[in-house]
Amino acid sequence: METEIKRISTKDIITYLTEKFPECFSVKGPVKPLKVGIFQDLAEKLSDDETVSKTRLRQALRHYTSSWRYLKAIKTGAFRVDIDGKDVAEIDEEQANYASKTLKESQEKFGKTPASSKKAQGDKRAPKANTSKSNDKSSDETKRDSAKFKSVKSTKRKDVKKELPPLKKVDSATIKVGNKVKVQLGNSPMNATITEIAGKDISVQLDSGMTIKTQMQNIYS
């Protein structure tokens, strides 16, 4: 009987959250940025609600906060809201920049690459050279420019890596829900807040509002 009343679809869970907390969630129209740590508030409010489990709730939140519609709402000066829709914290420039970067990467991943399209169009419009000599000259210049570009780009990358401050491992005995930490995802550490600890799995909410699950070896102070 319990399986029958569980809402399996992430879309259904988000719709249900919109019905329960209309001042906080929406399925269309303007989106309100969510407070950091809202998962705990929701889990507490829904502790006696058999409609959605903690696991499915976490998945739905991750899906909701990683949507393009939500990421576009993370702007400097906007306010995060609690489950009642009340403003609780203003979004700073760092959070807004991270959301913008995440949005751009997501759009590029799904084929939104205007820069590539423009380059391709530019190549099609490029006039043909009149002689084979000019082709050879152009080719040589292109190769030299490309080599210079790669050299400069490589140097910049090395300089950036040198400037990154060392990360300090967090003692597993000291971590608890609510701690401000850094999470290593890819090449860049990201600011986050611990929202749940379940054995080796640690759930954190990034400053963008996105909730992810990771493990102790990726947590730093």
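Residues numbered from 1 in each chain as written. Predicted model: local features only at pLDDT ≥ 70, side-chain atom pairs only at ≥ 80, totals over all residues. Heavy atoms only, no water.

Once that is clear, we can look at the pattern of salt bridges. Under the counting rule described, the total for this entry stands at three salt bridges. Where Lys 35 meets Asp 41, a salt bridge forms, and the shortest distance between an N and an O atom there is 3.0 Å. We classify Asp 41 as partly exposed; its relative accessible area is 24%. In this structure, Arg 58 engages Glu 196 in a salt bridge whose closest nitrogen and oxygen atoms are separated by 1.8 Å. In this pair, Arg 58 sits in helix H4 (residues 54-65) while Glu 196 sits in strand S4 (residues 188-198), placing the two residues 138 residues apart along the sequence. Glu 196 carries the same exposure label as Arg 58, and that label is buried. (Salt bridge = Lys/Arg side-chain N within 4 Å of Asp/Glu carboxyl O. Buried < 20%, exposed > 50% of the residue type's maximum accessible area, 1.4 Å probe, protein only. Helix = DSSP H or I, 4+ residues; strand = E, 2+ residues; numbered from the N terminus.)

The next point concerns the nonpolar core. With 29 residues, the main nonpolar core has Phe 21, Phe 25, Leu 34 and Leu 42 as its most contacted residues. Of all elements in the fold, only helix H2 (10-20), helix H3 (38-45), H4, helix H5 (68-71) and helix H6 (93-109) reach the threshold of two or more residues within this core. If you look at the next biggest cluster of nonpolar residues, it comprises 14 residues, including Tyr 98, Val 170, Val 183 and Val 204. (Core = buried A, V, L, I, M, F, W, Y, C linked by side-chain atoms within 4.5 Å.)

Let's shift gears to the confidence of the model for the chain. Across the chain, pLDDT averages 76, with 70% of residues at or above 70. Confidence, expressed as mean pLDDT per element, reaches its minimum in the chain at helix H1 (residues 2-5) with 43 and its maximum at strand S1 (residues 79-81) with 95. Within the model, pLDDT remains below 50 along residues 1-5, and this stretch shows two contacts once partners closer than five positions in the same chain are excluded. In the predicted structure, residues 114-118 sits below a pLDDT of 50 and forms zero contacts with residues beyond four places in sequence or in another chain. (pLDDT = per-residue confidence, 0-100. Contact = heavy atoms within 4.5 Å.)

With that settled, consider the packing of H2 against H4. Between H2 and H4, whose axes approach to 9 Å, the crossing angle comes to 90°. Of the possible angle classes, the one that applies to H2 and H4 is roughly perpendicular. Where H2 approaches H4, its residues Thr 10, Ile 13, Ile 14 and Leu 17 are matched on the opposing element by Arg 56, Leu 57, Gln 59, Ala 60, His 63 and Tyr 64. Of the residues that constitute the contact of H2 with H4, the class distribution is six nonpolar, three polar and one charged. (Axes fitted to C-alpha atoms, helices over the stretch in contact; angles between N-to-C directions. Parallel < 35°, antiparallel > 145°, perpendicular 65-115°, else oblique. Nonpolar A, V, L, I, M, F, W, Y, C, P; charged D, E, K, R; others polar.)

One can find Asp 49 in the loop between H3 and H4. Here Asp 49 occupies a buried position and makes no salt bridge, while the nearest side chain of opposite charge, Lys 20, is found at 4.1 Å. Looking at Asp 49, its side chain comes within polar contact range of the side chain of Tyr 16, at 2.3 Å. In this view, Asp 49 contacts Tyr 16 and Lys 20; residues no more than four positions away in its chain are not counted. (Lys, Arg positive; Asp, Glu negative; His and termini not counted. Polar contact = N/O pair within 3.5 Å; in protein donor to acceptor, adjacent residues only side chain to side chain.)

Right, let's get into the pairing of strand S3 (residues 180-185). Sheet topology note: the S3/S4 ladder contains six bridges and is antiparallel. Opposite Lys 180, over in S4, you have Thr 193 as the bridge partner. For S3 and strand S7 (residues 219-220), the ladder comprises two bridges, and the chain directions are antiparallel. Bridge pairing in S7 links Lys 182 to Tyr 220. (Pairing = 2+ DSSP bridges.)

The final tally for this structure, using the stated rule, is two aromatic pairs. Ring geometry for Phe 25 and Tyr 64: centres 5.2 Å apart, planes at 65°, overall edge-to-face. Note that Phe 25 is positioned in the loop between H2 and H3 and Tyr 64 in helix H4, a separation of 39 residues in sequence. Tyr 64 shares its class with Phe 25; the two are buried. Seen from their ring centres, Tyr 64 and Tyr 70 are 5.7 Å apart, and the 55° between their planes marks the pair as tilted. Joined through ring pairs, the aromatic side chains of Phe 25, Tyr 64 and Tyr 70 make up one cluster. (Phe/Tyr/Trp six-rings, centres within 6.5 Å; stacked < 30°, edge-to-face > 60°.)

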